[in-house]
Amino acid sequence: MISSDFTDATRTKNEPMIVLEHVDKFFGSFQALQDITMSVGRQEVVVVIGPSGSGKSTLIRCINRLEKHDRGRVVVDGIELTDDLRKIQEVRRETGMVFQQFNLFPHLSVLDNVTLAPRQVRRMPRDQAEELGKAMLARVRIPEQAHKYPGQLSGGQQQRVAIARSLAMQPKVMLFDEPTSALDPEMIKEVLEAMEELATSGMTMIVVTHEMGFARAVADRVVFMAEGQIVEVGSPEHFFSSPQEPRTKLFLSQIL
Amino acid sequence: MATLTAAPVRPPLVAWVRRHLLSGPLNTLLTLVFGAVFVAAGMAVVRFLANSDFTILRVNLALFMVGGFRRDELWRIAVAAWLLSLMGGLVGGLVAAAAAARARQTGVVVTGATGRGRWSVLRRFWPFGLFLVICLSLTETIQPTLVTVLGIGLAVGGYWLARRWPASWRRFLYLALPILGLAAYGVMASSGLGWSRWGGFHLNLFLTGAGLLLAFPFGILLALGRRSSLPVVKGIAVGYIEVIRGVPLITLLLMGVFALGFFLPSNLRPSDVTRVLVAITLFEAAYIAEVVRGGLQAVPSGQTEAAQALGLSPWKITRLIVLPQALRATIPAMVGQFISLFKDTTLVAAVGLGDVLAASSFANSQPAFNAQGLARITLPFVALAFWAGSYTMSREAKRLERRLGVGER
């Protein structure tokens, strides 16, 4: 017991939460990721930006094995992702993901969406799971929608339910894949606020987004990707005020 | 809640007729032509009903309904029908109770879920009710009517019981359903007569029900197998589906009855009904598999990805996320398949089983009715039986679709 506590403690302190080493990913002959090496520390918020088709989504989908990387190493919380299905499940249990298209389960009520994984994966009893689920819905500020169906909610509400659904698994990492890109402008704010609250609470997050305001305000580090490669990494201040690479300057000049 | 009360605007009949039937010269002409056709057809039907002698149906009603089943064992069919009526009532009540509970929670009143008014059941099942009334009008004793009335009473009682059953004890009701079904089967099977004596419309209903019950899970497994990433599983599923779909049902029935014996050990001699049921199950599973596959393809890949990201196992993703959505999407095609099977059960007449169609030709060959062209009476009667069943199924499916559509994106 003591020794395991000790190793846990050292691991928590020294090891980063996510490590990618020389990761390559191909779709047929197209190389989507090229020699990606990066690490994300515990409680760190990393925002990934870049033009479309630059491999941002593929990058975070490799972290919970929705995509299988072809070369290199992906390690999440000390667990290396291999073909071992148990390891994959272990990582997925600790890693929440929020999608551009929400991907809520339309045949389940909001509360059932949120409690499904705790009950089925963590084997939590129903009443305990529902208590947890309601707490998570309250955290994203839609407790009153618990018994509705996803189809009855607005896009912003659906995306907040999706966040609550991931949080109900009490993950150590949250991955966001363009969470506001499918939303009407007036609903973007409520989702970004929920994400900001999450970042403040100390969640480790990787966020793929085009919301530069969010990146500037919330990110610890900004990663710029183009053509499957990491072009530049830096703090938001550095990144937005004095980018080094010409490719980064070009991108920023186009969007700002 | 602010309610707007407005007098319903209903144009009077004359205005309606003028607008829809007589709006132009061509429309008026069409109305007249088709009106004449309808009147002529209606008169022909009335003349047929008035001038025909339905003795052949009256005398042979039992033959049409139960075929060669021993008449002194008929009580078994009555008891089985009662048990199934009770089961049907319980299912209806449970569904209505669940819909009402959900409506309370979500605030969404599901139209058609609880029915509108006390007599909505009559409106729902009127084709079947019409057939029942016609059958009962042909009976000569009071017994069938009593059996029917008691059956309806049990169905209503079951519905009432399930609606008022305390929610916390509901699982016992769910448990009761398969028990009732098995009991009905037990009552029929314990006669020691075996399936070989089953016949008439009752055989068609049994083959439809049992065929669907057996083929449905098999079909789902085949559909999942066809999408498997394991080449062997996929190959077997594709091979099975394509071979079976390439063969007419009648061929499978003939093979089951006449050719299967050569492949079985000599001490194994399944009855003809068993053979036919196996053939129907094998056949139907392949078609159900293709219907289910269509539904599986309609579920977006994001659903699976979201479930994977939550850490659900592949089997749970299939069972809890993909299949419920896929099956919902297949209701229209599935009901078409069910209706088609229902009608296809008459093919068993071609392999010597005494179903309702075989009963009609048998009745026509009886000495008293031979060579009088009485097929004009018996065949419409058989058609009516199938129409009542098919149309009821189709209406119920539409209702189910409407109800399950709520909460969809």
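Details of the structure are given in the entry above.
It is worth spelling out the interface of chain A and chain B at this point. Chain A puts 26 residues into the contact, and the matching count from chain B is 26 residues. Of the roughly 2,400 Å² buried where chain A meets chain B, counting both sides, 59% is carbon and sulfur surface. The tally of links between chain A and chain B comes to one salt bridge. Between R61(A) and E305(B) there is a salt bridge, and its shortest N-O distance comes to 2.8 Å.

Here the focus is the nonpolar core. Of all hydrophobic cores here, the largest spans 99 residues; its most connected members are I18(A), L20(A), L207(B) and V276(B). When residues of this core are assigned to their parent elements, the largest contribution, 13 residues, is made by helix 12 (residues 272-298) of chain B. Ignoring any residue separated from it by four or fewer positions in sequence, one finds I18(A) in contact with M38(A), S39(A), V40(A), I63(A), V75(A), V76(A), V173(A) and I206(A). Ranked by size, the runner-up nonpolar core spans 49 residues in total, among them L132(A), L198(A), F224(A) and F251(A).

With that settled, consider the side chain of R275(B). Residues and elements named next belong to chain B. Its place among the elements puts R275 in helix 12. Classification of R275 as buried rests on a relative accessible area of 8%. With sequence-adjacent residues up to four places away left out, R275 is seen in contact with G256, V257, L260, G261, R269 and P270.

Here the focus is helix 15 (residues 331-344) of chain B. Residue and element names in this part refer to chain B. If you check helix 15, its first and last C-alpha atoms are 20 Å apart, about what 14 residues at 1.5 Å a residue would give, namely 20 Å. Of the residues making up helix 15, those classed as buried are I331, M334, V335, Q337, F338, I339, L341 and F342. For helix 15, the secondary structure elements touched by its buried residues are helix 9 (200-226), helix 12, helix 14 (314-329) and helix 17 (375-404).

Conventions used here
- Residues numbered from 1 in each chain as written.
- Chains lettered and ligands numbered in written order.
- Predicted model: local features only at pLDDT ≥ 70, side-chain atom pairs only at ≥ 80, totals over all residues.
- Heavy atoms only, no water.
- Contact = heavy atoms within 4.5 Å.
- Buried area = accessible area lost by both parts, 1.4 Å probe.
- Salt bridge = Lys/Arg side-chain N within 4 Å of Asp/Glu carboxyl O.
- Core = buried A, V, L, I, M, F, W, Y, C linked by side-chain atoms within 4.5 Å.
- Buried < 20%, exposed > 50% of the residue type's maximum accessible area, 1.4 Å probe, protein only.
- Helix = DSSP H or I, 4+ residues; strand = E, 2+ residues; numbered from the N terminus.
- Expected span 1.5 Å × (residues − 1).

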